[in-house]
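Results of the structural survey
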Amino acid sequence: QVQLVESGGGLVQPGGSLRLSCAASGTIYSINAMGWYRQAPGKQRELVAAITSGGSTNYADSVKGRFTISRDNAKITVYLQMNSLKPEDTAVYYCNQKLSTAYEVQGDYWGQGTQVTVSS
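Just so you know, the residues in each chain are numbered from 1, in the order the chain's sequence is written. Two thresholds apply to this predicted model, a pLDDT of at least 70 for residue-level local features and 80 or more for giving and counting side-chain atom pairs, whereas whole-chain, interface and lining totals are computed over all residues. To obtain the side-chain values, all non-hydrogen atoms of the structure were used and water was disregarded.

**Describing the nonpolar core**
Under the convention used in this document: Buried Ala, Val, Leu, Ile, Met, Phe, Trp, Tyr and Cys residues that are joined via side-chain atoms within 4.5 Å together make up what is termed a nonpolar core. Exposure is judged per residue with a 1.4 Å probe applied to protein chains only, and the accessible area is read against the type maximum: over 50% gives exposed, under 20% gives buried, and values in between give partly exposed. Every helix listed is a DSSP run of H or I at least four residues long, and every strand listed is a run of E at least two residues long, numbered separately from the N terminus.
Counting 32 residues, the largest nonpolar core has Trp36, Phe67, Ile69, Leu80, Met82, Tyr93 and Leu99 as the members making the most contacts within it. Of all the secondary-structure elements, those providing two or more residues to this core are strand 3 (18-25), strand 4 (28-39), strand 5 (46-52), strand 7 (67-72), strand 8 (77-82), strand 9 (91-101) and strand 11 (114-118).

Structure (C-alpha cells):
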C-alpha cells in the first residue's frame, strides 16, 4: 500500500530548470535512502542522484554541478532540482525510495516516472 507519486516534469529549453518531486504515502516507519534514476529511449536506466538516511549525497558525473537532490523527511518527499538542462538530460525520470514500512522492513519502492524533455 506504499505509493510514490512524482510531479514536476515537462518541456523546457536548453539552459532552463525544472524541479521534480516525489512523495510517498502509506504506513512508513523510517527512510533508509532516496534517489532519482532516468531512462532515455534505447538506453538503460541509470542512477542520477541519491541521498542516504544520514544526508550524504551522490551524483552521476554527467549531472554534477547542475542537479541537486534534497529531501523533506516530515513529508517523506525527495526533490531533484535540475539546472542548466541539456538535451541529453531528456528522459523519463523515476523516483526510488528505500523505506521501512508496515509491510516490509526494507522495502524498495518506485515511482511511475515523469517525462523530462529538453528541447529548443
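Now that the structure is up, let's keep going.
**What to know about the side chain of asparagine 96**
Worth spelling out the cut-off: In protein, a polar contact means a hydrogen-donor-capable atom and an acceptor-capable atom, both N or O and within 3.5 Å, with residues adjacent in sequence counting only if both atoms are side-chain atoms; elsewhere, any N or O pair within 3.5 Å suffices. Should any heavy atoms of two residues lie within 4.5 Å, those residues are counted as being in contact.
If you trace the backbone, asparagine 96 turns up in strand 9. Separated by 3.1 Å, the side chain of asparagine 96 and the backbone oxygen of tyrosine 109 make a polar contact. With residues up to four places along the chain from it excluded, the contact list for asparagine 96 reads Leu4, Ala33, Met34, Gly35, Tyr37, Asp108, Tyr109 and Trp110.

**Quick notes on the sheet that holds strand 1 (residues 3-7)**
Short version of the rule: Note on pairing: two strands pair once DSSP finds at least 2 bridges between them. Note on definitions: angles span 0 to 180 degrees between N-to-C directions of axes, and those axes are lines fitted to C-alpha atoms, for helices only across the stretch in contact.
In space, the four strands of this open sheet follow the order 1-3-8-7, with antiparallel pairing throughout. Taken across any chain shown, the strands that pair with only one partner, and hence form the sheet edges, are strand 1 and strand 7. Each strand of the sheet is rotated relative to its neighbour by a mean of 15°, with strand direction disregarded. Pairing of strand 1 with strand 3 involves five bridges; the strand directions are antiparallel. What sits directly across from glutamate 6, in strand 3, is cysteine 22.

**With respect to the environment of threonine 57**
Locating threonine 57 in the fold gives a position in strand 6 (residues 57-59). Accessibility expressed as a relative area gives 40% for threonine 57, which makes it partly exposed. The spacing of threonine 57 and tryptophan 110 is 53 residues in sequence and 19 Å in space, taken between C-alpha atoms.

**Comments concerning the side chain of threonine 114**
On the secondary structure map, threonine 114 appears in strand 11. A relative accessible area of 12% places threonine 114 in the buried class. Setting aside residues no more than four positions away along its own chain, threonine 114 makes contact with Glu6, Gly9, Leu20, Ala91, Val92 and Tyr93.

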